[in-house]
Amino acid sequence: MPLKIPENHQVSSSALFFILYQIQVGIGILAYQRTVGLHAEADGWISILFCGLAVQIVLWMMLQLLDHFQGDLITIHTSLFGKWLGTGLTIMYIFYYLGMALTVLNSYVSIVQVWMFPQMSYWEIAVLLLIVGYSFISGGLRSISGICLLSTIYSSPLFITLIFPVETSGDFDNMLPLFSHTPEDMFFSLKEMALNFEGISIIFMVYPFIKKSKKVASWAQYSVFLSTFLYTVLYIISVCYFNTDELDHILWPTMSLWKIVNLPFMERFEYIGITIWLFVILPNLCLTIWGGSRAIKRMFSINQRKLVLVILALLLICGSFFNNQLLLEKWNELQSLFGLGVLFGYIPFLYFYHLIVKKVRKHHAKA
Amino acid sequence: MLKRSKPILYILCITLLMFSLSGCVRTRVIDDIHLAQIVGYDTVPNDDDSVLGTISVPIYTQSGGSGVLQPQSDNMSVIAHRGSQIRSNLESVSEYPLEVGKLMTILFSKDIAEKGLYTYIDFYKRNPDVGRGIVLAVSDGSAGDIINGQYKTNRLVSEYIMNLVNNNSRNNSPKTNLHYFLYSYYNAGMDPFLPIIKKEEDDLKIEGIALFKKDRYVDMIPYSQAFLFKMLYQSFAGGNFSVPIKDKYVSISSISSRVSYRFKKLKGGNQEITIKIKQKGFLRETERKLEGTTTIPYIQKAMEKYLTKNANTMVKHLQELNVDSLGLGDHIRSNDRGWNAEKWNEVYPHLNIKVNIDVELKQTGITD
């Protein structure tokens with residue numbers, strides 16, 4: 001049964017581009033070079049390109065599923081697996097969404113603590129962030145898609161500053177020799193890269209809110225294309241400015257790249273970077289929490305606004321346990337593995353299972 | 001669907017939070033902190049375990065009437081058991097809290113550099129307040145003496161050294177700073193280098209290029225050879241050098257210098273690298289007469305011969321010291337898939353290195 005959303009709650013198809021772009025370019029882009037470079041080193045950009053390609057295929061599968069069922073994740077789950085199993089799988093997905101929110105929240109808090117205010121406690125930063133987050137989530141998807149558009153605009157000048165490191169001391173020889181790593185290494189890097197793309201499964205919740213248009217699919221694909229491009233270019237810049245040996249030792253390569261930007265009135269440009277990055281992680285936080293709460297609401301018909309408050313409180317408390325770099329790294333590893341499983345395991349499974357079910361049902365209908 | 005919540009409640013919450021949060025982080029008002037601009041490290045005589053750290057902090061006083069006041073500086077020195085203790089010990093002699101956000105220069109005395117710089121640099125690479133563009137230099141003699149010295153220039157010594165090093169990196173010496181040091185320190189096929197600074201009466205002077213094996217000082221290249229080193233190390237534009245031709249000096253301004261590295265595997269497993277340099281310049285000054293047009297090719301030939309000979313000696317010397325300051329390992333790595341980082345230290349001294357210099361004089365100025 002198709003899921004109908006009143007038109008005054010819907011957003012245009014182009015908003016999907018900004019929503020999906022923002023959820024891919026979030027906290028990960030500040031630090032992904034190190035983990036991706038661990039295995040494939042100078043060839044990491046190939047892994048990133050392949051990862052982007054694989055994500056395009058997964059996204060196409062998701063769009064096919066959504067187009068067929070004309071609903072969201074809950075519609076798909078219940079019509080494929082029935083009520084009980086479907087609910088169980090959706091609950092798993094809710095934990096997945098909220099896990100992403102936890103990753104984003106904790107990573108940003110730790111960045112603020114390390115780079116700007118070592119004396120500020122987790123609670124102060126997290127509470128402030130979540131209050132701002134709540135004000136957008138309570139406005140529904142329309143206001144979240146608004147902040148997605150704004151943060152795309154705010155963050156784009158930051159990428160222009162990345163010309164500075166190339167100009168001052170980028171050595172493109174660091175990319176050579178090309179293809180010098182084994183497919184295994186490339187695969188491990190691709191696995192690490194998947195963490196940055198895992199957010200796109202939010203489309204399972206967002207889709208019914210997008211106005212019907214032929215362009216929905218292409219806007220979604222464009223967003224993956226743009227973020228893959230960005231990740232690839234930034235990776236190449238990082239390898240050329242540092243080298244793969246030094247990259248191993250740098251925890252936030254993108255921020256260290258900003259260190260070279262030296263303006264007469266501003267000694268440390270990365271402070272501007274961190275501050276503007278608040279607007280980049282905000283859509284991530286909002287979308288994942290919104291997605292989680294929306295799924296709960298659809299299943300159990302609970303007031304979403306109150307639900308969000310409960311979720312925020314839970315996130316705040318859970319997050320305080322991960323407030324140290326070692327644990328955070330462990331958590332990110334786990335999240336990365338889970339994201340990989342969902343993105344390249346579960347979603348393709350869902351798609352092929354749906355194909356089989358469709359065929360079987362057609363067969364039964366004929367007979 | 002979600003409803004808009006009461007705005008008044010929000011504003012109340014946020015205002016409350018703002019008030020409660022404002023006291024959480026230690027404020028750092030510019031008038032109430034000391035911004036260290038230069039740090040120097042020296043050894044302590046007869047005490048191998050201790051380090052003498054010296055810093056200089058600018059003090060800005062308000063000018064009463066017209067005219068610009070000379071900047072003043074407050075210098076402090078402490079002896080610490082280890083480099084890592086210096087920071088905490090310095091606090092004991094400083095009237096305001098010390099910050100490193102405006103640090104420009106770090107000096108290491110030669111004795112310190114011989115023991116290895118990594119333990120000292122660790123603090124600066126770890127600290128988010130320190131930029132990657134700060135100048136590192138080795139001092140011939142005591143670093144503290146250089147910091148405490150009085151010079152003819154109006155500037156503070158921190159700025160003086162930074163300008164001195166940066167100006168030279170635009171001309172005859174290759175560019176160095178914290179970024180380049182870390183870049184080549186971590187790179188398996190590269191060794192870092194830094195400028196050497198010496199105090200001469202009331203001036204400072206760049207004495208040459210300090211060569212490092214990873215973080216340990218090994219030897220230096222005198223300033224007269226720095227230009228040649230830069231030619232071998234990178235492509236660049238600018239700089240001056242002079243070459244003796246039969247006891248008469250000819251001085252050349254460089255327009256552009258292009259270097260390329262050709263890598264070849266010889267039979268029997270040996271490796272050969274050819275450093276090819278194309279130097280374009282114009283004649284700046286000569287002690288000998290230029291007679292007709294025939295002498296230009298002659299000067300070019302003589303220069304090529306002289307530079308090639310010197311370059312070969314320099315490369316041989318680097319190989320004998322087993323320091324890969326030119327980053328040849330990194331160049332081979334980008335050409336050869338079989339490059340082995342672990343074996344590089346053993347391969348490098350026996351590498352067959354050829355230097356091929358081509359000089360072209362574009363013009364001779366406005367007289368012949």
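What counts, and at which threshold
Residues numbered from 1 in each chain as written. Chains lettered and ligands numbered in written order. Predicted model: local features only at pLDDT ≥ 70, side-chain atom pairs only at ≥ 80, totals over all residues. Heavy atoms only, no water. Axes fitted to C-alpha atoms, helices over the stretch in contact; angles between N-to-C directions. Helix = DSSP H or I, 4+ residues; strand = E, 2+ residues; numbered from the N terminus. Parallel < 35°, antiparallel > 145°, perpendicular 65-115°, else oblique. Left-handed = near helix turned anticlockwise from the far one by under 90°. Contact = heavy atoms within 4.5 Å. Nonpolar A, V, L, I, M, F, W, Y, C, P; charged D, E, K, R; others polar. Core = buried A, V, L, I, M, F, W, Y, C linked by side-chain atoms within 4.5 Å. Buried < 20%, exposed > 50% of the residue type's maximum accessible area, 1.4 Å probe, protein only. Buried area = accessible area lost by both parts, 1.4 Å probe. Salt bridge = Lys/Arg side-chain N within 4 Å of Asp/Glu carboxyl O. Polar contact = N/O pair within 3.5 Å; in protein donor to acceptor, adjacent residues only side chain to side chain. Pairing = 2+ DSSP bridges. Patch = residues over 30% accessible without salt bridge, like charges linked within 9 Å, V, L, I, M, F, W, Y side chains within 5 Å. Areas by Shrake-Rupley, 256 points an atom, 1.4 Å probe, with all protein chains shown as cover. Expected span 1.5 Å × (residues − 1). Phe/Tyr/Trp six-rings, centres within 6.5 Å; stacked < 30°, edge-to-face > 60°. Lys, Arg positive; Asp, Glu negative; His and termini not counted. Charge placed at Lys NZ, Arg CZ, Asp CG, Glu CD. Domains from an automatic or database assignment.

Asks: Looking at this structure, how should I read the packing of helix α5 (residues 122-137) of chain A against helix α13 (residues 270-300) of chain A?
Replies: The relative placement of two packed helices comes down to the angle between their axes together with the axis-to-axis distance. All names here are of chain A. Orientation of α5 relative to α13, taken along the N-to-C sense of each, is 60 degrees, at an axis distance of 9 Å. Of the possible angle classes, the one that applies to α5 and α13 is oblique. Where α5 crosses over α13, the handedness of that crossing is right-handed. Across the interface between the two elements, Leu129, Leu130, Val132, Gly133, Phe136 and Ile137 of α5 pack against Leu278, Ile281, Leu282, Leu285, Cys286, Ile289 and Trp290 of α13. Of the residues contributing to the contact of α5 with α13, the split by class is 12 nonpolar, one polar and no charged.

Asks: Where do I start with the nonpolar core in this structure?
Replies: The nonpolar side chains of a soluble globular protein tend to be buried with one another. A:Phe204 and A:Trp277 are the most contacted members of the largest nonpolar core, which has 132 residues in total. In terms of residues, this core owes the most to one element, helix α4 (residues 73-115) of chain A, which gives 21 residues. Beyond its immediate stretch of four places on either side in the chain, A:Trp277 contacts A:Gly26, A:Ile27, A:Ile29, A:Leu30, A:Tyr108, A:Leu158, A:Phe159 and A:Trp258. Core analysis: the next-biggest nonpolar cluster, separate from the first, contains 45 residues, B:Met231, B:Phe236, B:Tyr261 and B:Leu351 among them.

Asks: What is the right way to look at the interface of chain B and chain A in this model?
Replies: Taken together, the contacts link 33 residues of chain B with 45 residues of chain A. Buried area between chain B and chain A, summed over both chains or domains, comes out near 3400 Å², and the portion from carbon and sulfur atoms is 54%. The interface formed by chain B and chain A includes one salt bridge. Across the pair B:Arg132 and A:Glu246 runs a salt bridge, and its minimum N-O distance is 2.8 Å. Between the two partners, chain B and chain A, sit 11 residue pairs in polar contact (both at pLDDT 80 or more). Of all elements in the fold, only α1 (7-21), α7 (178-186) and α10 (328-333) of chain B reach the threshold of two or more residues within the side of chain B that touches chain A. Broken down by element, the residue count for the side of chain B that touches chain A peaks at five residues, all from α7(B). Grouping the amino acids of the side of chain B that touches chain A by side-chain chemistry returns 15 nonpolar, eight polar and 10 charged.

Asks: Would you explain the pattern of salt bridges in this entry?
Replies: Opposite charge on two side chains lets them pair, provided their charged atoms get close. Applying the stated criterion across every chain, the model contains 18 salt bridges over all chains. Here A:Arg298 makes a salt bridge to A:Asp72, at a shortest N to O gap of 2.8 Å. Separated by 226 residues along the polypeptide, A:Arg298 in helix α13 and A:Asp72 in the loop between α3 (44-69) and α4 bring together distant segments of the chain. Residue class for A:Arg298 comes out partly exposed when judged on its relative accessible area of 26%. Overall, A:Asp72 belongs to the buried group, its relative accessible area being 0%. A salt bridge links B:Glu360 to B:Lys362; its shortest N-O distance comes to 3.4 Å.

Asks: Explain the pairing of strand β9 (residues 203-213) of chain B here, please?
Replies: Within a regular strand, side chains alternate between the sheet's two faces. Residue and element names in this part refer to chain B. For β9, the buried fraction is high: eight of the 11 residues fall into the buried class. As paired strands, strand β8 (residues 193-200) and β9 are joined by eight bridges and run antiparallel to one another. Paired with glutamate 200 across the strands is aspartate 203, a residue of β9. Of the pairings in the sheet, the one linking β9 to strand β10 (residues 216-222) comprises six bridges and is antiparallel in character. Residue pairing for β10: lysine 213 is matched across the bridge by arginine 216. A loop of two residues connects β9 with β10, the two strands running antiparallel in sequence, and lysine 214 in this loop sits at a positive phi of about 50 degrees.

Asks: It is not clear to me how unusual backbone geometry should be interpreted in this structure. Could you clarify?
Replies: Trans is the prevailing form of peptide bonds, just as negative phi is the prevailing case for residues other than glycine. Residues and elements named next belong to chain A. Residue proline 177 is bonded to the preceding leucine 176 through a cis peptide linkage, with omega at -10 degrees. Positionally, proline 177 belongs in the loop between α7 (163-169) and α8 (183-197). For serine 301, which is not glycine, the phi torsion reads 50 degrees and is therefore positive.

Asks: Whenever I open this one, a nonpolar patch on the surface confuses me. Can you help?
Replies: Nonpolar side chains collect at one region of the surface, where A:Leu149, A:Leu150, A:Ile153, A:Tyr154 and A:Phe279 lie side by side and expose about 400 Å² of accessible area between them. In terms of residue count, helix α6 (residues 140-160) of chain A provides more of the nonpolar patch than any other element does, four residues in total.

Asks: Even after reading the chapter, I still don't get the side chain of A:Gln22, so can you show me in this structure?
Replies: Along the chain, A:Gln22 turns up in helix α1 (residues 13-24). Setting aside residues no more than four positions away along its own chain, A:Gln22 makes contact with A:Cys148, A:Ser151, A:Thr152, A:Ser155, A:Val280, A:Pro283 and A:Asn284.

Asks: How do you make sense of the sheet that holds strand β14 (residues 352-363) of chain B when you look at a structure like this?
Replies: Sheets are built from strands that pair by backbone hydrogen bonding, the pairs being arranged parallel or antiparallel. All names here are of chain B. Judged by pairing direction, the sheet is mixed, and its four strands sit side by side in the order β11-β12-β13-β14 without closing on themselves. A single partner strand is all that each edge strand has here, and the edge strands are β11 (240-245) and β14. Across the sheet, the mean angle separating the axes of adjacent strands is 40 degrees when strand polarity is ignored. Note that β11 and strand β12 (residues 248-265) share six bridges and pair antiparallel. Considered in β12, the bridge of asparagine 240 is made with serine 253. Across the sheet, helix α8 (residues 223-233) lies against β11, β12, β13 (271-286) and β14, angled at about 35 degrees from β12, the strand it touches most.

Asks: What is the right way to read helix α14 (residues 304-321) of chain A from this model?
Replies: For an α-helix, the turn length of 3.6 residues means that residues three or four places apart are oriented alike. Residue and element names in this part refer to chain A. The end-to-end C-alpha distance of α14, which contains 18 residues, comes to 26 Å, matching closely the 26 Å that a straight helix rising 1.5 Å per residue would cover. Buried residues along α14 sit in contact with α4, α5 and α13. The N-cap residue of α14 is asparagine 303: its side-chain oxygen and the backbone nitrogen of arginine 305 are 2.9 Å apart.

Asks: Explanation requested: the side chain of B:Gln300 in the structure shown.
Replies: Tracing the backbone shows B:Gln300 in helix α9 (residues 295-321). In contact with B:Gln300, other than residues within four places in its own chain, are B:Val359, B:Glu360 and B:Leu361.

Asks: Would you mind going over the sheet that holds strand β2 (residues 38-44) of chain B with me for this structure?
Replies: All names here are of chain B. One open sheet holds the eight strands; their spatial order is β4-β3-β2-β6-β7-β8-β9-β10, and the pairing between them is mixed. Strands at the two margins of the open sheet, each flanked by one partner only, are β4 (72-80) and β10. Each neighbouring strand pair of the sheet contributes to a mean axis angle of 30 degrees, computed without reference to strand direction. Its contacts with the sheet place α9 against β9 and β10, and it is angled at close to 165 degrees to β10.

Asks: I'm lost on the packing of aromatic side chains in this one. Help?
Replies: What characterises a pair of aromatic rings is the spacing of the ring centres plus the angle enclosed by the ring planes. Scanning the model with the defined rule gives 44 aromatic pairs over all chains in all. Put simply, the rings of A:Phe81, A:Tyr93, A:Tyr96, A:Tyr97, A:Phe204, A:Phe338, A:Tyr346, A:Phe349 and A:Tyr353 pair up and form one aromatic cluster.

Asks: Explain a positive patch on the surface here, please?
Replies: There is a patch of like positive charges on the surface, built from A:Lys358, A:Lys359, A:Lys362 and A:Lys366. Here A:Lys359 lies in helix α15 (residues 325-366).

Asks: Mind showing me how you'd approach the domain arrangement of chain B here?
Replies: Put simply, an interface is often sized by how much accessible area is lost when its parts join up. Residues and elements named next belong to chain B. Taken domain by domain, chain B comprises domain 1 (28-60 + 71-223) and domain 2 (235-368). Both faces combined, the contact of domain 1 with domain 2 buries some 1200 Å², and carbon together with sulfur accounts for 54% of it. By the criterion of area lost to domain 2, the three top residues of domain 1 are Gly189, Leu211 and Lys213, representing 31% of everything that side buries. Where domain 1 packs against domain 2, one counts zero salt bridges. At the surface where domain 1 touches domain 2, the tally comes to seven residue pairs in polar contact (both at pLDDT 80 or more). For the side of domain 1 that touches domain 2, the class distribution of residues is seven nonpolar, four polar and four charged.

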